[in-house]
Amino acid sequence: MLAEMHDDGLVFKALADPTRRFLLDRLFEHDGRTLTELESELDMTRFGVMKHLRVLEDAGLVVSRRSGREKLHFLNPVPIRQIHDRWIDKYTERRISALATLKGQLEEAQ
Amino acid sequence: MTTTAIGTTQVYQVFVKATPEQVWDAITKPEFTSRYFYGSHVDSTFEPGAPFRSYSPDKEQLWVDGEVLESDPPRRLSHSWRALYDEELAGEQHSRVTWELEPADGGVTKLTVVHDELEGAPKTAQNVAGGWMYILSGLKTLVETGEPLA
């Protein structure tokens, strides 16, 4: 349970930074990019981009793989899906059931 | 709806609190796949060269047709993939799906799915992009809790 909270924490922390969200959006548009390609889209040092990619990799949002001599970065959407299942579904479902209850009460009152 | 330029390689990864053997079973046994993989029944001997097939829940329709390319239980499985559940996709060329299972710290297995060789299957690439994260999230929940995703 604690481990799960820790994992969610890493994902939320990774998503809390605008540069990292920018990097995820770039990978969403075009997956499997090198550090050099990603760096060219940002006004930031290579080291800075590497640091951000490391945080994204630690959170599982980016997976890097070797392809020949290149290291390619891929967007991994699974942790976002898990956040969705754990945090979004749960609360939206409650709202929907609240609306269903309201509908039932209003119809009974008629 | 945002559109995305889907690449010819897609990578998905999830950490599952289970042994590689347990995760291998979840991938290769129909009693597991039917509970997280759109109800589908996988059918294969998982020996290199053997057919890899996945059937609809009623087992009447062949949904995925392929061939086992590599098999090294419980570490690595690679098979070709042709989606027959949609007419538009059925006309496309084979692509390839590789499952990599690596033991990680704390009794956890790192499961990576690489769906590549999608050059001749752009519609399949678009179609499976959302599916894999749903499937892996479901596999993790099933293996860890014994229950499928609600």
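Residues numbered from 1 in each chain as written. Chains lettered and ligands numbered in written order. Predicted model: local features only at pLDDT ≥ 70, side-chain atom pairs only at ≥ 80, totals over all residues.

**Structural notes on the overall build of chain B**
Here is the rule we go by: The helix and strand labels rest on DSSP assignments: H or I over at least four residues marks a helix, E over at least two residues marks a strand, and numbering proceeds from the N terminus. We compute the radius of gyration from the C-alpha atoms alone; for a globule the expected value is 2.2 Å times N to the 0.38, where N is the number of residues. Once C-beta atoms are placed from the backbone, each residue is buried if 20 or more other C-beta atoms lie within 10 Å of its own, exposed if 12 or fewer, and partly exposed for counts between those two. Note on contacts: each residue gets a C-beta atom placed from the backbone, and two residues are in contact if those atoms are within 7 Å.
Counting its regular elements, chain B contains four helices and seven strands. Going residue by residue from the N terminus, the α and β elements of chain B occur as β-α-α-β-β-β-β-α-β-β-α. Taken against the 2.2 N^0.38 rule, which gives 15 Å for 150 residues, the C-alpha radius of gyration of chain B at 15 Å falls within 12% of a compact globule. Overall, the C-alpha framework of chain B stretches about 40 × 35 × 30 Å when taken along its three principal axes. Across the 150 residues in chain B, those meeting the buried criterion constitute 34%. Counted over contacts in chain B with a minimum sequence separation of 6, partners at least 24 positions apart contribute 44%.

**So, the overall build of chain A**
Each helix and strand in chain A was counted, giving five helices and two strands. Helices (α) and strands (β) of chain A occur, in sequence order from the N terminus, as α-α-α-α-β-β-α. Along the three orthogonal principal directions, the C-alpha set of chain A runs to about 70 × 30 × 25 Å. Counting across all 110 residues of chain A, residues that qualify as buried make up 21%. A separation of at least 24 residues holds for 51% of the contacts in chain A among residues at least 6 apart in sequence.

**Some words on the confidence of the model for chain B**
All names here are of chain B. Short version of the rule: Every residue gets a pLDDT, meaning the predictor's confidence in that residue, from 0 to 100.
Here chain B averages 92 in pLDDT, and 95% of its residues register 70 or above. A low-confidence stretch, residues 1-5 stays under pLDDT 50, and its non-local contacts, those more than four residues away or across chains, total four contacts. Complex prediction metrics read pTM 0.85 and ipTM 0.82.

**Digging into the sheet that holds strand β6 (residues 95-104) of chain B**
All names here are of chain B. Condition: Whether two strands pair comes down to DSSP finding at least two bridges between them. The axes used here are C-alpha line fits, helices contributing only the stretch in contact, and every angle between their N-to-C directions lies in the interval 0 to 180 degrees.
Spatial ordering of the open sheet is given by β1-β7-β6-β5-β4-β3-β2, a layout of seven strands whose pairing is antiparallel. Of all strands in the sheet, those with a lone pairing partner are β1 (10-16) and β2 (41-43), marking the two edges. Pairs of neighbouring strands in the sheet enclose a mean axial angle of 25°, with direction left out of account. Sheet topology note: the β1/strand β7 (residues 108-116) ladder contains seven bridges and is antiparallel. Paired with F15 across the strands is K110, a residue of β7. Against the sheet, helix α4 (residues 122-145) engages β1, β5 (76-83), β6 and β7, with an angle of about 5° to β1.

**Things to note about the environment of D86(B)**
All names here are of chain B. As for its position among the elements, D86 is in the loop between β5 and α3 (87-90). Assessed through the 13 C-beta atoms surrounding it within 10 Å, D86 is described here as partly exposed. Once the C-alpha coordinates of D86 and W63 are considered, the two residues, 23 residues apart in sequence, prove to be 8.3 Å apart.

**Details of the pairing of strand β3 (residues 51-55) of chain B**
All names here are of chain B. Of the two faces of β3, the one lined by F52 and S54 is fully buried and the one lined by P51, R53 and Y55 carries no buried residue. Across three bridges, the pairing between β2 and β3 is antiparallel. Each bridged residue has a counterpart across the sheet, and for H41 the counterpart in β3 is Y55. Bridge count for β3 against strand β4 (residues 62-72) is five bridges, and the pairing is antiparallel. Paired with Y55 across the strands is L62, a residue of β4. Two successive antiparallel strands, β3 and β4, enclose a turn made up of six residues, where K59 displays a positive phi of approximately 65°.

**Quick look at the domain arrangement of chain A**
Residue and element names in this part refer to chain A. Note the threshold: For the domains described, the bounds stem from an automatic or database domain assignment.
Considered domain by domain, chain A is made up of domain 1 (1-76) and domain 2 (77-110). Between the C-alpha centres of domain 1 and domain 2 the distance comes to 32 Å. At the junction of the two partners, domain 1 supplies seven residues and domain 2 supplies five residues.

**Some thoughts on the interface of chain A and chain B**
To be explicit about the condition: Residue polarity is assigned by list, with Asp, Glu, Lys and Arg as charged and Ala, Val, Leu, Ile, Met, Phe, Trp, Tyr, Cys and Pro as nonpolar; anything else, Gly included, falls into the polar class.
Listed per partner, the contact involves 15 residues of chain A and 15 residues of chain B. Of all elements in the fold, only α2 (18-29), β1 (62-67) and α5 (78-109) of chain A reach the threshold of two or more residues within the side of chain A that touches chain B. In terms of residue count, the dominant contributor to the side of chain A that touches chain B is α5(A) (four residues). Looking at side-chain class alone, the side of chain A that touches chain B contains five nonpolar, five polar and five charged residues.

**Describing the pairing of strand β2 (residues 70-75) of chain A**
All names here are of chain A. Summarising the sheet, β1 and β2 pair through six bridges and their orientation is antiparallel. Within β2, the position partnered with V63 by the bridge is F74. Taken together, β1 and the strand that follows it, β2, pair antiparallel across an intervening segment of two residues, in which G68 is found at a positive phi of about 65°.

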